[in-house]
Amino acid sequence: MASPAATPDAGALAPERLDEAVVALERGELVLLPTETVYGVAARADKPEALAALGRLSGRPSPGGYTVHIARPADVSWYIDADRPGVRRVATKLLPGPVTLRAKAEASRLAETGAVVAAVSRDGWVALRCPSDPFAHALLSRAGAAPVVAIGARDARGAGAARLDAVEPSVRDAVSVAVDGGATRFGKPSTVVELDPDHPGQPWRVVRPGVYDKRYLRKLMVFEVLLVCTGNTCRSPMAEAIARDRLAARFGVAPAELEASGYRVNSAGVSAGPGSPMTPEAAEALRGMG
């Protein structure tokens, strides 16, 4: 992980800067703003002139495939099926933060955005980002249901710019409002995580390392089930064994491989002593269940 740098909160920036940025987006103009990773150039996805300007800046021949920026983790449900267990777990664990989620878009959800579909989806996939930077969050909250898309602002070397004064002049010339939030917290691009809910045992994979690496994400993404009884010698260890067996069967892995798939099952007692074995009766009951 990168070392965090100081980033002012939204209140440290003049409130009129937020107002200017909101108005510029509403007019179909581009806004240069800080996030916790690198600076980004944002546009309203329902403004054709803004998408055209973003296309010229990014050099993309078509307007599709920009990263949609959302204000709250729950807003992923506007674009993808967030009720699927693997998707919900990833979104809850990683958002808001320096992660871009890439997932299959839900046609029924995108249809509600009408002409915006072409701007936010490419080949049926959508990229979603929920920044934790206070100014970015405030701006996206003010945008409401209007989709905001963005690209990374590059520096003279073509890398993501971590300070406003490092942004390439041609990028700064293309925007109507440039907000100086100081050095970004992490100073490097977001980690891109691709979701695959059809494989619930391992519903995600890293397709571009960034602030977080795969090892850190794997540790962060572990879902722990804790079963508790009084002495941890009968009911809770039985429940632990049953839960581990059922989860392993559901995901098609051996019980010993369950943690590598992102799930950990443990038991505990509210008045348990160390070293106490499971009761013979509990062990016999489990043997009887196979």
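Because the structure is predicted, anything quoted here is derived from the model rather than measured. (Residues numbered from 1 in each chain as written. Predicted model: local features only at pLDDT ≥ 70, side-chain atom pairs only at ≥ 80, totals over all residues. Heavy atoms only, no water.)

Visitor: Explain the nonpolar core here, please?
Guide: Proteins that are soluble and globular tend to have nonpolar side chains buried together. Counting 51 residues, the largest nonpolar core has Val 41, Ile 80, Leu 101 and Leu 195 as the members making the most contacts within it. Considering every element that reaches this core, the biggest residue donor is helix α2 (residues 48-58), with 5 residues. Apart from residues lying up to four places away in sequence, Leu 195 is in contact with Ile 80, Val 87, Val 90, Leu 101, Arg 102, Ala 103, Trp 125, Pro 203 and Trp 204. Ala 21, Val 22, Ala 24 and Ala 150 belong to the second-largest nonpolar core, a separate cluster that totals 19 residues. (Core = buried A, V, L, I, M, F, W, Y, C linked by side-chain atoms within 4.5 Å. Buried < 20%, exposed > 50% of the residue type's maximum accessible area, 1.4 Å probe, protein only. Helix = DSSP H or I, 4+ residues; strand = E, 2+ residues; numbered from the N terminus. Contact = heavy atoms within 4.5 Å.)

Visitor: Got a minute to help me understand the pairing of strand β8 (residues 191-195) in this structure?
Guide: Regular strands place their side chains on alternate faces of the sheet. For β8, a buried count of 5 out of 5 residues is recorded, marking the element as mostly surrounded by other parts of the structure. Of the pairings in the sheet, the one linking β8 to strand β9 (residues 204-208) comprises 4 bridges and is antiparallel in character. By the bridge assignment for β9, Val 193 is matched with Val 206. (Pairing = 2+ DSSP bridges.)

Visitor: Any chance you could explain the packing of aromatic side chains here in plain terms?
Guide: Here the structure, examined in full by the defined rule, presents 4 aromatic pairs. Consider the rings of Trp 78 and Tyr 79, whose centres lie 6.5 Å apart with planes at 55°: the pair is tilted. By relative accessible area, which is 31% here, Trp 78 ends up partly exposed. (Phe/Tyr/Trp six-rings, centres within 6.5 Å; stacked < 30°, edge-to-face > 60°.)

Visitor: Can you help me understand the packing of helix α9 (residues 235-251) against helix α10 (residues 280-288) in this one?
Guide: A pair of packed helices is characterised by two quantities: the angle between their axes and the separation of those axes. Taken N-terminus to C-terminus, the directions of α9 and α10 make an angle of 20°; their axes are 10 Å apart at the nearest point. Taken together, the axis directions place α9 and α10 in an arrangement best described as roughly parallel. In terms of crossing hand, the pair formed by α9 and α10 is right-handed. Residue-level contacts link Met 238, Ala 241 and Ile 242 of α9 to Ala 282, Ala 285 and Leu 286 of α10. Of the residues in the contact of α9 with α10, the class split is 6 nonpolar, no polar and no charged. (Axes fitted to C-alpha atoms, helices over the stretch in contact; angles between N-to-C directions. Parallel < 35°, antiparallel > 145°, perpendicular 65-115°, else oblique. Left-handed = near helix turned anticlockwise from the far one by under 90°. Nonpolar A, V, L, I, M, F, W, Y, C, P; charged D, E, K, R; others polar.)

Visitor: What exactly am I supposed to notice about the sheet that holds β9 here?
Guide: Strands in a sheet are paired, the pairing made by backbone hydrogen bonds, and the direction either parallel or antiparallel. Spatial ordering of the open sheet is given by β7-β1-β2-β6-β3-β5-β4-β8-β9, a layout of 9 strands whose pairing is mixed. The open sheet terminates on both sides in strands that have one partner only, identified here as β7 (177-178) and β9. When strand β1 (residues 31-33) meets β7, the two strands line up parallel, connected through 2 bridges. Within the sheet, the bridge partner assigned to Leu 32 lies in β7 and is Ala 178.

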